[in-house]
Amino acid sequence: MLLSPRYLPRLAATVGLFTRYGLKDFAKRQGIEGLAAEEADEHPSGNGDGVVERARGFRKRLVDLGPAYIKLGQVLSTRPDLLPEPYIRELEHLQDDVSPLPFSVVEEVIENELGARISKLFGEFNPEPLGSASLGRVHEATLRDGRAVVVKAQRPGIRETLADDIEFFREFAHFLADHTRAGQRIDLVGIIQQLETALLDELDYRVEARNAAAFRRELAGFPRLLIPRVIEAYTSEKVLTTERVRGIKIDDIPKVSRVEHDFSALAEEFAKAYLKQITIDGHFHADPHPGNLFIIMPGSENPWTPAEVAGRDRRAVLRPAVTPLSKIEEEAREEARDEVTALPSPDEPKLAMVDFGMTARLSTTMRDQIVRLLLDIAENRGEDAAETLIEIGQLSERFDRQEFVAAVATLVGRNYDLSIGEIEAGTLLYEMLNISFAHGLKLPAELTLLAKALFNLDAVTRSLDPTFSPIATIREFSARIANERAKRELSLNKMFQVATQTSDLISALPHRLDILTQRLAANEFSLKLESPQVHVLVRGMQKIANRVFSGLVLGGVVVASAMLLPHRRTLGTTGFIIAALIGLYMVVAILVQDRSEKR
């Protein structure tokens, strides 16, 4: 596939990101260094101190290029296997370091979407933003009933800008897939499709509202995890209003608080919640970076979790749920009543999760395969993990099963022997993906999103407890995974499906047997064998036969000319000349054809 001419300048700008800011080695490894004109590095390599400046320049350039490139940088910020650590640290600031919007613009968006003036909608509204994201801006406010909320308003014109950027990324991914080493190793088209889906979901805040409500229900059994409730009446396509969470970022936990409180239980509960999302629900938050997580310290005024609502709300009669999100909230309270046996102590900290625009869903088959992969890693079964990856991916012609299995087994064994505080599940999965690509195994983009989520999970749990090991939690969680899978296989719906399919088979069996016996009696059976490589084999055999026949004819002409030469010199010489011309033509034709097929 060729890139549209109108995107050629943008191609040079995109490739220039990795050649002008100290990342020429990255571009060379991925085979993209020749796609743009050679440019002087604005931050030439020198001593080690210059790396930070180059990384900062790289981040600022992404911001200048627009929201889609910011999202690209956020994806790269979770790829320690691709970029050096200073670049990873700088790209993490992309989460909240973007240009602000004038309040008049925000005010206009909110009033147009909600159909009333801000002074009528809210008791208080702070014009100073809490933060500016790549797609919107967040403000704190108070509803008329006194509830503290945060309001996120979308940037005007962002859809048109992203539509053109996504179209370019789509063509760029197809171009790289056809012309570069990176495209042959990585499912770039799948990654761009995932990015496109995530951006489209983030542009519709109603999708994020449904995601938040769904996660609040799915994680209701974890009482230390708070997902703020969506204020449905104040939410639209471009405005999202949720309960206000008052907490501190994970990276800003005071040292005194670490002495006073034990965060290990919180780290374990967060890891188990993520494992439940991935292995049981098949729906997980794909972007759990530290900027989306807050520590709620004891004594702070915050909304209740579903478990706290179920345990503390003693009203005899609850108002019936009417709207879709209120029905999900009701299901969350019922889930908490069934799962939570005791509420955590008021002196314990909690963890709040926000921003659910980027999520991922796994099919039942993919979920089962990922469960096997995680358990194989946790139990040091490297060979089984390699076979699971083979089952998930697509094999190329150059794939060597024996070498691949040995490489994955070595990697898993090496990490299994590390101490608990050194094991990083996300980095381990990234390394497994790189081994797969290097050996000719192409894996779906869902695994890249999973590695991204696990990489962020490592960072979060490590911030809470430096000695925490997600691998150990996976081992402990395996019993629940097995129980949930057994429930799914033995559920009434599954049994009804099997019974229905069996009934259909039994009812159709007499008719099919009658047709079978009729065809046997009429001798109408035939065997049809299809193979996608048969035509290639036949064409190759025809080529061999043609060359052998041509060689025999040429040999006959040479022998006949040699016999004629003593008696009829002119005729024999003419035969030799004809044989030489035919032989030269055959050699040239064979070389040209073989080189064309090789290319």
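Criteria and thresholds
- Residues numbered from 1 in each chain as written.
- Predicted model: local features only at pLDDT ≥ 70, side-chain atom pairs only at ≥ 80, totals over all residues.
- Heavy atoms only, no water.
- Helix = DSSP H or I, 4+ residues; strand = E, 2+ residues; numbered from the N terminus.
- Buried < 20%, exposed > 50% of the residue type's maximum accessible area, 1.4 Å probe, protein only.
- Expected span 1.5 Å × (residues − 1).
- Pairing = 2+ DSSP bridges.
- Contact = heavy atoms within 4.5 Å.
- Axes fitted to C-alpha atoms, helices over the stretch in contact; angles between N-to-C directions.
- Core = buried A, V, L, I, M, F, W, Y, C linked by side-chain atoms within 4.5 Å.
- Patch = residues over 30% accessible without salt bridge, like charges linked within 9 Å, V, L, I, M, F, W, Y side chains within 5 Å.
- Areas by Shrake-Rupley, 256 points an atom, 1.4 Å probe, with all protein chains shown as cover.
- Salt bridge = Lys/Arg side-chain N within 4 Å of Asp/Glu carboxyl O.
- Parallel < 35°, antiparallel > 145°, perpendicular 65-115°, else oblique.
- Left-handed = near helix turned anticlockwise from the far one by under 90°.
- Phe/Tyr/Trp six-rings, centres within 6.5 Å; stacked < 30°, edge-to-face > 60°.

This next bit is on unusual backbone geometry. Positioned with a positive phi, Asp355 is a non-glycine residue whose angle comes to about 65°. Looking at the secondary structure, you find Asp355 in the loop between strand E10 (350-353) and strand E11 (359-361). Its relative accessible area of 27% is what places Asp355 among the partly exposed residues. Phi at Asn380 is positive, roughly 60°, even though this residue is not glycine. The exposure class assigned to Asn380 is partly exposed, which follows from its relative accessible area of 31%.

Attention now moves to helix H6 (residues 103-114). Here H6 contains twelve residues, and its C-alpha end-to-end distance of 16 Å stays within 8% of the 16 Å for a straight helix at 1.5 Å per residue. Among all positions of H6, only Val106, Val109, Ile110, Glu111 and Leu114 are buried. Downstream of H6 by a residue or two, Gly115 has a phi angle that is positive, lying close to 75°.

This part covers the sheet that holds E10. Ordered in space as E5-E10-E9-E7, the four strands form an open sheet in which the pairing is mixed. The open sheet terminates on both sides in strands that have one partner only, identified here as strand E5 (225-226) and strand E7 (248-249). Here E7 runs beside strand E9 (residues 293-296); their pairing, made up of two bridges, is antiparallel. Residue pairing for E9: Ile248 is matched across the bridge by Ile295. Sheet strands touched by helix H13 (residues 264-281): E5, E9 and E10. Its angle to E10, the strand with the most contacts, is close to 40°.

With that settled, consider the nonpolar core. Within the largest apolar cluster, 80 residues are counted, with the highest numbers of intra-cluster contacts made by Phe270, Ile295, Phe404 and Met432. The greatest single-element share of this core, amounting to ten residues, is contributed by helix H20 (residues 445-464). Counting 28 residues, the second largest nonpolar core, distinct from the first, contains Phe58, Tyr69, Leu162 and Phe169.

A few words on a nonpolar patch on the surface. A contiguous nonpolar patch, built from Leu513, Leu516 and Leu520 and spanning about 270 Å² of accessible area, is present on the exposed surface. Tracing the backbone shows Leu520 in helix H22 (residues 492-521). Since its relative accessible area comes to 54%, Leu520 is described here as exposed.

Another aspect to go through is the packing of helix H16 (residues 364-378) against helix H17 (residues 382-392). Running from N to C, H16 and H17 cross one another at 160°; their axes reach a closest spacing of 8 Å. Taken together, the axes of H16 and H17 lie roughly antiparallel to each other. Two packed elements cross with a definite hand, and for H16 against H17 that hand is left-handed. Contact residues: H16 offers Met366, Gln369, Arg372, Leu373 and Asp376, while H17 offers Asp384, Ala385, Thr388, Leu389, Glu391 and Ile392.

What follows concerns the environment of Leu62. Note that Leu62 resides in helix H3 (residues 50-65). Owing to a relative accessible area of 0%, Leu62 belongs among the buried residues under this scheme. Note: C-alpha distance between Leu62 and Leu72 (ten residues apart in sequence) is 8.4 Å.

By the definition in use, this model includes eight aromatic pairs. Ring geometry for Phe103 against Phe125: centres 5.9 Å apart, planes inclined by 45°, an arrangement best described as tilted. One end of the pair, Phe103, is in helix H6; the other, Phe125, is in strand E1 (residues 122-125), and 22 residues separate them in sequence. Ring centres 5.3 Å apart and planes at 55° place the aromatic pair Phe122 and Tyr234 in the tilted group.

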